[in-house]
Structure formats: C-alpha cells, structure tokens
Amino acid sequence: MKKRSVRRIPPLFMLESAKLIGAGAATIASAGAAVGIGNVFSSLIHSVARNPSLAKQSFGYAILGFALTEAIALFAPMMAFLILFVF
C-alpha cells in the first residue's frame, strides 16, 4: 500500500493569511457605523416631523450622535492597520 504524502504549508504563509483575514474582518465595522449614522438621522427626521419647535435642539443631539458613531467607525481601519503592520 502506497503512503500518501501530506503537503505542509510553511508557518509564515499561515501567519500572513491570518493577518489578511483579521484585517478584512476588522473592516466589517464600517457597515455597522453606516447603519448607525442612518439611524441617527432617521430619528432626527422623525423627531422634527413630530415636534418642529425642537428642531434646533434635536439637530445638536443628532450631530453629537453622528460624531460619536463616526469616531467608532474610525477605529475599524485603525485596527485593520494594526493587525496588518504591527502584529
């Protein structure tokens, strides 16, 4: 009976593959941030439609929500770059 040879993959290729998969998975957070920003402004439109007299105050809260959501979105490429170039 003939023995089958198993082809070994060098560990360096495995590490590089894991880095690329991890960086790709880290950028998925951008989609979540886009949904979050959409929710912020959708809620702004609904609240202004219900009570137009509070439009100015609601807009300030919406901009704050947008800024916080966008700050979280900026962590996604930062994590991807850390995975690719530091580890």
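Quick notes on the rules
- Residues numbered from 1 in each chain as written.
- Predicted model: local features only at pLDDT ≥ 70, side-chain atom pairs only at ≥ 80, totals over all residues.
- Heavy atoms only, no water.
- Helix = DSSP H or I, 4+ residues; strand = E, 2+ residues; numbered from the N terminus.
- Expected span 1.5 Å × (residues − 1).
- Buried < 20%, exposed > 50% of the residue type's maximum accessible area, 1.4 Å probe, protein only.
- Arc of directions from axis to C-beta.
- Contact = heavy atoms within 4.5 Å.
- UniProt positions renumbered as here; feature names shortened; annotations may be inferred.

Notes on helix α2 (residues 29–50)
Spanning 22 residues, α2 covers 32 Å between terminal C-alpha atoms, matching the ideal 32 Å at 1.5 Å per step. Here α2 has its buried residues at A33, G36, I37, V40 and L44. Relative to the axis of α2, the buried residues are bounded by an arc of 95° and lie together on one face. For α2, the exposed residues set more than 90 degrees away from the buried face come down to A34, V35, I45, H46, A49 and R50. The inward-facing, buried residues of α2 contact α3 (55–85).

Side note on the UniProt feature "domain: V-ATPase proteolipid subunit C-like" (unreviewed entry) in the protein chain
In the numbering used here, UniProt assigns the feature "domain: V-ATPase proteolipid subunit C-like" (unreviewed entry) to residues 21–83. A distance of 10 Å separates the end C-alpha atoms of residues 21–83, which is 90% helix and 0% strand.

Details of the UniProt feature "transmembrane region" (unreviewed entry) in the protein chain
Per the UniProt record, "transmembrane region" (unreviewed entry) is annotated on residues 20–41 and 61–86. Annotated as residues 20–41, this span is 91% helix and 0% strand, and its ends, taken at the C-alpha atoms, are 34 Å apart. End C-alpha atoms of residues 61–86 are separated by 37 Å, and the span's content is 96% helix alongside 0% strand.

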